[in-house]
Amino acid sequence: MLKTGSEAPAQGILAGPLVQAINISRSLPLAGQPIHILRDISFDIEAGEMVALVGASGSGKSTLLGILAGIDAPSSGRLVIDGEDVTGLNETKLALLRNRKLGIVFQSFNLIPTLTAQENVEIPLYVSPYAREARQRAARMLDLVGLSDRRQHRPHQLSGGQQQRVAIARALVTEPKILLADEPTGNLDSHTGEQVLDLFESLRQQLGLTLVIATHDNAIAGRANRILRITDGRLLHTSSNVER
Amino acid sequence: MGQGIFFYLGYSFKSLINNGQRAVLAIFCVAFGVMSLVAMQNMAESVTTVVLGDPAFRLGGQTELNRDTNLSPANIAEIARLKTDGKITAYNPAAEEYGLKLKRPGSASMAYIDKAIGVDPTIYPIVGQLRLGQGSPTSLAQAIATPGTVAVTRDIADDQGLKIGDTLVVSNDTDIAPFSLKVGGIVIATPDSAGNKIYYSLETARQLANRQDAVNYIQVNWAPGVDSAAIQAQLQNSGWRTYNASEQSADAKKGMDLFNFMLKGAGILGLLVGGIGVANTMVVLLANRQKEIAILKTLGYRRWHLFVLLGLEVGLLGLVGSLLGVALAYFVSGGLIYLFSQTGSILLETSFDFGLGLLGILIGIVTTLIFGMFAIVRASEVRPMQLLRNLPVKIRWFQTTLLALALAVPFTLVTTFVLGSIEQGIGILLIALGGLVVLGSVLGLAMWLIIKALPTFRFYFLAMARKNLARRWLVNLFAMIALFTGVLTAGFAGVVIQGAQGQVDARSPALTGYNLSVYGLASQETTLKAAFAGQGITTTQARYTALVKSVEQTTPPANNDQTFYFGNVLNGRETPWDVTLDGAAWGSDPSGVYLPDYGRDLRGTQLTITSQSGATRTVTVVGTYALKNIGSPLLSENSGLLTSKDLVTQLGGPQTRLLVAGEVGLDRLTETSTKIGQSMQDVMVVTSLDYNNYRTGRVRNFFIFAVAMAGLAILAGLVLVANTVGLAMIYRQREMGVLKAVGYTRWHVLKGLLLEYGIMALVASIGALIGVQVAVIAFSKLEASTDGILSLNLPTAVASVILALLVTLVTATMAAWQALQVRPSTLLRQET
């Protein structure tokens, strides 16, 4: 049964879902009037699930993903990640959260152009407890995503699919519990996109990841355990797929 | 984060390389700032050492002793006894001649010497150091011990092309007949760092002056613990006059303090200009990396991580820029020190303080970090959400202002350290800030009026230029302020120099009339006149001069029983061609003499003249004389008793001097003087041109020095213009891509750009010239002596504006050129 998150556990006690969104709303002021991007969204995500946030362009799924990633804050509501209420955390604590517990993959890869693949993957390690083994960890992660022969290549020397794999390696190198992906195949051709999704699935099984993918593509959504469909900022309904 | 320090250094280095032209611009800004600071500091140190050195070095000893007449051997022995008694540690008898001219035989170039000193080379100097070089013997004694040899300072040697062993001739207008000397040494450093001097032995001094009592003062150093005041009082009682080095006024120090403050202040302002350029560049550079900063924040980087990471990059940039700046400072300060030394016969050695260079690198890095921090703090405002949504980075002006003020504190520490005083450190910043505010307001208002009201006459590019000026008015304002400052400095320097040159020209005598004179001995008269005739100069006049041993009053004048002093110089004429007489007719009394008109009637006074050989003659004062104004600087001085040629040559003997003067066409003047000099190597040939060159030479050198300093100010303006244009090209790449995509050629794009910067340059330079005129009026009111001398004339003003405009447009073109060559598809693909 899908939990919609109405019974939130007490703060700090991990006794249930990995992610709990409780009445999340987000609005932005525009010319003195608030624009409601998200309205009262509540859901739970269990550890190990692969969840798809599905909605058309402008539905608010990227905003919701941003809130889950800790790079945006809700206007109201609560968000509990791994038993910790992250609503209202200051920027420093959010940064720690992003570094230690979350991994984020973007549609446009967002690699640092002056660094090699190896260096791009190393970057988050130097502000983590794994700084001493940064090089080795990054190399292992690149192996895992099948890019061991591309370590010294800079982003402009890699194909789109390869860049996205580097981005995935970077997102996972700090061993986060949750991987968040915003339209990860949006800039890729269908064949490469499939490969990336296969990679996601493989890594999820190998590393026990919880995966949240924001997408407008139903085909991608079809590969998830569960779909959260968002329309005009509201969580319209959720559905589950056959267990994968 | 400590684990990844090498990673971050590599990251910073790669980012710097990747920044390309933007990094180069920033490096250049840092280099300019450090160059200004170090060059000005180095120059201030060099000049201060010279000007504010120990006053005893300037005097030649702690005390100078002299008497009414030249010193006798008994006078010198009296001072020698002070050393024997332990009251002084050293003494230096000196025989100084005044107004000597120096020339190589047969040369057209002549030098007026500031000082010619006869010394005991085994003793001199008793304070400071005198160093020889350029192939000279190691000591002064070795160089000039032989009578007839001389050591000249380096500037004279360079000017006259003298080497060891060369011969030169010296003489003056009064008592020194042309005298040949051989160069025995070249002096590269003197105790007081003053140049334009020659040194010879006391024996040479006696031969030169044709008298045994050539010594005219003695310099002494007191023994420690001695009551020098009491000893000086005793000496004064026995006819000595004393002058102590410590009596030299404190005004020199005050003037030097102000000069130093101005030099160092100019360096600080250069550093400030560089810093503003760095801040400007870094703001744009980091604005282009918002996504990168957002990525880092998304990955867990906090603000202080970003400060360290980006701070490393800025620090590297500062290091490279500072190294370049110090290297440039080495050459710039060398050039400025050389130019400054030419303004006043100063033997400044162009040395570079490498400790100062290291300090300059440190200050450059610190300053770059301070100004770079402004951009880093603003950039760190980027939110990670930037990656999902294009959000504008909020610029909170209040925060920005607070940040700028906060960064002013460490920069004040830098200025305090450089200037050595917290008041001056704060003062220079307040002056800079105050100037920025005032200039910014005035120029900003001017720009606002242009933007609002400039008629475009339906000229599309002008309308575009106006719009573009409005878009980035703050950045453009900085460039205009710098341009304004450069044109103002150069313009005012030009006005001062023009005024000074005008005064020199006005006072310069005509080069026609008696413009050629030859100094020799009376015994050479026939040969000299033949040499003149050989050059086609048929009209000549002559003066005869003799230095006698004494002129004593034998009987007093009528109605006056005072005893007067008459000097010991006799002047002779065949006819009174250049004097006006009052008294007896010329030639009416073969033993009659005329005195300069002192306003007393001394007719009838009898004088006994004793020649150097001991012969005596009694003469009578029969009137007075005054020199006519015959318009020639070569004949403008004459002193002593005037009498007949026969009497002078009789009493002067073989050492009687002769001056023959003639008139030559200007086109033949140099050629004629050279030929006469070559035909008679032991005479001194002087032309009006030589005289003019001497008088105007220093003004000309000062002009060059002032222009060089003003040039640095203009360079500051151009640095900011290049920075502004370069950054604008980066900001406007997408715009240029779109324009090119719709059919604009690179010339169209350049045209718009040149119009914008042309308008800025016009506003800045016209404003600067108004500032110059205001400064001229203010000066004339404050300093009455400059009234009517300083003025800004229209041709100069127009030329200044055109020059500023041209230089700005060339700089803008160069800065934009590369960006203009890029294809539209490339520009449109690039992330902004």
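These numbers come from a predicted model, not from an experiment.

Engineer: Looking at this structure, how should I read the overall build of chain A?
Structural biologist: Helix and strand content of chain A: seven helices and 10 strands. Relative to its length of 244 residues, chain A is compact, with a C-alpha radius of gyration of 18 Å against a globular reference of 18 Å. On the principal axes, the C-alpha backbone points of chain A span a range of 45 × 45 × 35 Å. For chain A, buried positions account for 56% of its 244 residues. Within chain A, counting contacts between residues at least 6 apart in sequence, those at least 24 apart form 68% of the total. When the accessible surface of chain A is summed, it comes to about 10,300 Å², and 48% of that surface belongs to carbon and sulfur atoms. Across chain A, 25 positive and 25 negative side-chain charges occur, with their mean positions spaced 4 Å apart.

Engineer: For this particular structure, what's the right way to read the confidence of the model for chain A?
Structural biologist: On average, residues of chain A carry a pLDDT of 86, and 92% of them reach 70 or more. Note that pLDDT drops below 50 for residues 1–14 of chain A; the model gives that stretch 23 contacts with residues more than four away or on any other chain.

Engineer: What exactly am I supposed to notice about the sheet that holds strand β7 (residues 178–182) of chain A here?
Structural biologist: The strands that make up a sheet pair up through hydrogen bonds in the backbone, lying either parallel or antiparallel. All names here are of chain A. The six strands lie next to each other as β6-β7-β8-β3-β9-β10, forming an open sheet whose pairing is mixed. Of all strands in the sheet, those with a lone pairing partner are β6 (102–105) and β10 (234–240), marking the two edges. Going from strand to strand, the sheet's axes swing by 15° on average, the running direction of each strand aside. Where β7 meets strand β8 (residues 210–215), five bridges bridge the pair, whose relative direction is parallel. In the strand pairing of β8, D182 is matched with A214. Across the sheet, helix α6 (residues 190–207) touches β3 (50–54), β7 and β8, and the angle it forms with β8 is around 160°.

Engineer: Just to check I follow, could you spell out the pattern of salt bridges for this structure?
Structural biologist: For side chains bearing opposite charge, pairing can occur when the charged atoms are close. Counted under the stated rule, the structure contains 32 salt bridges over all chains. Residue B:R543 is joined to B:D578 by a salt bridge in which the shortest nitrogen-to-oxygen separation is 2.8 Å. A residue pair is termed long-range when its members are at least 10 positions apart, and B:R543 in strand β14 (residues 540–547) and B:D578 in the loop between β16 (569–573) and β17 (579–583) qualify at 35 residues. Residue B:R543 is classed as buried on the basis of its relative accessible area, which comes to 5%. Assessed through its relative accessible area of 0%, B:D578 is described here as buried. Salt bridges here are not isolated pairs; linked through shared partners, they connect A:D82, A:E84, A:K101 and A:K177.

The rules behind each value
Residues numbered from 1 in each chain as written. Chains lettered and ligands numbered in written order. Predicted model: local features only at pLDDT ≥ 70, side-chain atom pairs only at ≥ 80, totals over all residues. Heavy atoms only, no water. Helix = DSSP H or I, 4+ residues; strand = E, 2+ residues; numbered from the N terminus. Rg over C-alpha atoms; globule rule 2.2 N^0.38 Å. Buried < 20%, exposed > 50% of the residue type's maximum accessible area, 1.4 Å probe, protein only. Contact = heavy atoms within 4.5 Å. Areas by Shrake-Rupley, 256 points an atom, 1.4 Å probe, with all protein chains shown as cover. Lys, Arg positive; Asp, Glu negative; His and termini not counted. Charge placed at Lys NZ, Arg CZ, Asp CG, Glu CD. pLDDT = per-residue confidence, 0-100. Pairing = 2+ DSSP bridges. Axes fitted to C-alpha atoms, helices over the stretch in contact; angles between N-to-C directions. Salt bridge = Lys/Arg side-chain N within 4 Å of Asp/Glu carboxyl O.

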